[in-house]
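# Fold and geometry: a report
Letter by letter, the chains look like this.
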Amino acid sequence: MKNIVDISILTLVRSMVFLLEVLPEAMGKALCRAWIGLFFLIIPRFPKTARRNLSLVFPEKSEKERELIYRKSRLVLADNFYSFSQIPF
């Protein structure tokens, strides 16, 4: 059973990377941002953990400032995923 799940995930990721290789950069980055948003909606522990970690690391910052850092870090994560997809194999 684990093999089927692993193969399914690998196939999904490879399909995503292929799609990013053929799309123009602006569309690819926008798609990555949508995927990261969807991923964070599907697995809610990641945003909770990120926000909790930000409150531990930046206790002096306001909630609004930490939320801005959180949102920018999601954009960076999406851009990094896009950049990774452009590395030739």
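Rules and cut-offs
Numbers given to residues run from 1 along each chain, matching the order in which its sequence is written. Per-residue local features of the predicted model are confined to residues with pLDDT of at least 70, and side-chain atom pairs are confined, for both listing and counting, to 80 or more; whole-chain, interface and lining totals are unaffected and use all residues. Water and hydrogen atoms were dropped before computing side-chain values, which therefore reflect all heavy atoms in the structure. The rule is simple: put a 1 Å grid over the protein atoms alone, call a set of points where a 1.4 Å probe fits but cannot get out a cavity, call an open set with protein on both sides within 12 Å along at least five of seven lines a pocket, and count a residue as lining if it has an atom within 4 Å of a point. Grid points are joined across faces, edges and corners, and a volume is the space filled by probe spheres set on the points. Gly is placed with the polar residues, together with every amino acid not listed as nonpolar (Ala, Val, Leu, Ile, Met, Phe, Trp, Tyr, Cys and Pro) or charged (Asp, Glu, Lys and Arg). Numbered from the N terminus, helices here are DSSP runs of H or I no shorter than four residues, and strands are runs of E no shorter than two.

Attention now moves to the layout of surface pockets. Taken as a whole, the largest pocket holds about 300 Å³ of empty space. Along the walls of the largest pocket sit Leu-12, Val-13, Met-16, Trp-35, Ile-36, Leu-38, Phe-39, Ile-42, Ile-43, Leu-77 and Phe-81, which together make up its complete lining. Split by residue class, the lining of the largest pocket holds 11 nonpolar, no polar and no charged. When its volume is computed, the second largest pocket comes out at roughly 160 Å³. For the second largest pocket, the full set of lining residues is Leu-10, Val-13, Arg-14, Val-17, Phe-18, Glu-21, Phe-84 and Phe-89. If you tally residues by element for the lining of the second largest pocket, the top one is helix H1 (residues 2-22), at 6 residues. The residue makeup of the lining of the second largest pocket, split by class, is 6 nonpolar, no polar and 2 charged.

All quantities given are derived from atomic positions and should not be read as evidence of function.
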